[in-house]
Amino acid sequence: MPANRKPGLARTVLKSGCVALPALAAVHAAPVISTLGPLRNRLMPGLSGQGRADHVALTFDDGPDPLSTPFFLRVLDEYRIRATFFVLGSMANRAPELLREMAAAGHEIGIHGWQHRPLLLRGPRATYQDFARARDRVAEITGQMPRLFRPPYGVMSTSAHLAVRRLGLTPVLWTCWGEDWTRRATPRSVHQTVTADLRGGGTILLHDSDCTSAPGAWRSALGALPMLLDTCERRGLQVGPLRDHAPATSTHACEARRPVRAVRA
């Protein structure tokens, strides 16, 4: 190739790269639209965790935490309620006996990743390795392969969707939350925030740990929990884990109880 054509070729390659990189970034971030609650609830009922009309799924994120999770387990046991806990692999690794106790008590265990970090800042390999590490460690501790996944901050990426599909996980977000992670949250504010959007078939998001929240924020969720359970009872709504949320989940729940060989990156 003549020397005088190289600068033109370089400019063409550079220009192509400038166009391609934003396009790739857009594809990677496209699932962020699911973060918009009202839109997600209307157009993506499965991702929102919508189930049968007489049932509410109760879910918790960020545990297991020996300092706070046992208090939630005590309240749930008093009400004879089981819930779904989306646990961080790093937290489970620090408290394996607590996680084992949760699973043995009949609570459903999903994964929230290994670390609580934004998925939009991770590439495909790092995303897959994070999920696989969390899934495999939780399966090792509980003897049950997790089948559900909730992304940190509720934000998915294209890499995350591909990773959960490879790992046999189903992403589930929520229809209502308590904003219980803030310093200003109180039991009353959490109850009011959840019930403002609470409908039959919905999924509630609370936090049983403050490892990614304001210190002590879990106390607001704990204080609100009995009020929420009483409200659901008055409205004639059953409360339970996501596995009981819709008939379609029953098959997967049986499969999740069988040990499965870990998938390695």
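Attention here is on the structure that accompanies the text.

This paragraph deals with the nonpolar core. Among the nonpolar cores identified, the biggest contains 51 residues, and Leu58, Phe60, Phe85, Leu206 and Leu225 are the most heavily contacted of them. Per-element tally for this core: the top contributor is helix α10 (residues 218-234), with eight residues. Ignoring sequence-local partners within four residues, the contact set of Leu206 consists of Leu58, Thr59, Phe60, Asp61, Gly178, Asp180, Val190, Val194, Ala221, Leu225 and Leu228. Residues Ala57, Phe86, Leu148 and Val172 belong to the second largest nonpolar core, which totals five residues.

What follows concerns the side chain of Ser209. Along the chain, Ser209 falls in the loop between β7 (203-207) and α10. Owing to a relative accessible area of 1%, Ser209 belongs among the buried residues under this scheme. Within the local environment of Ser209, its side chain forms a polar contact with the side chain of Asp65, the two groups lying 2.9 Å apart. Among the polar contacts made by the side chain of Ser209, one reaches the main-chain amide nitrogen of Cys211 at a distance of 3.1 Å.

To continue, consider helix α9 (residues 187-196). Burial in α9 covers these residues: Val190, His191, Val194 and Thr195. One side of α9 holds all its buried residues, which, seen down the axis, span an arc of 115°. Where α9 is buried, its residues touch β6 (176-177), β7 and α10.

Criteria and cut-off values
Residues numbered from 1 in each chain as written. Predicted model: local features only at pLDDT ≥ 70, side-chain atom pairs only at ≥ 80, totals over all residues. Heavy atoms only, no water. Core = buried A, V, L, I, M, F, W, Y, C linked by side-chain atoms within 4.5 Å. Buried < 20%, exposed > 50% of the residue type's maximum accessible area, 1.4 Å probe, protein only. Helix = DSSP H or I, 4+ residues; strand = E, 2+ residues; numbered from the N terminus. Contact = heavy atoms within 4.5 Å. Polar contact = N/O pair within 3.5 Å; in protein donor to acceptor, adjacent residues only side chain to side chain. Arc of directions from axis to C-beta.

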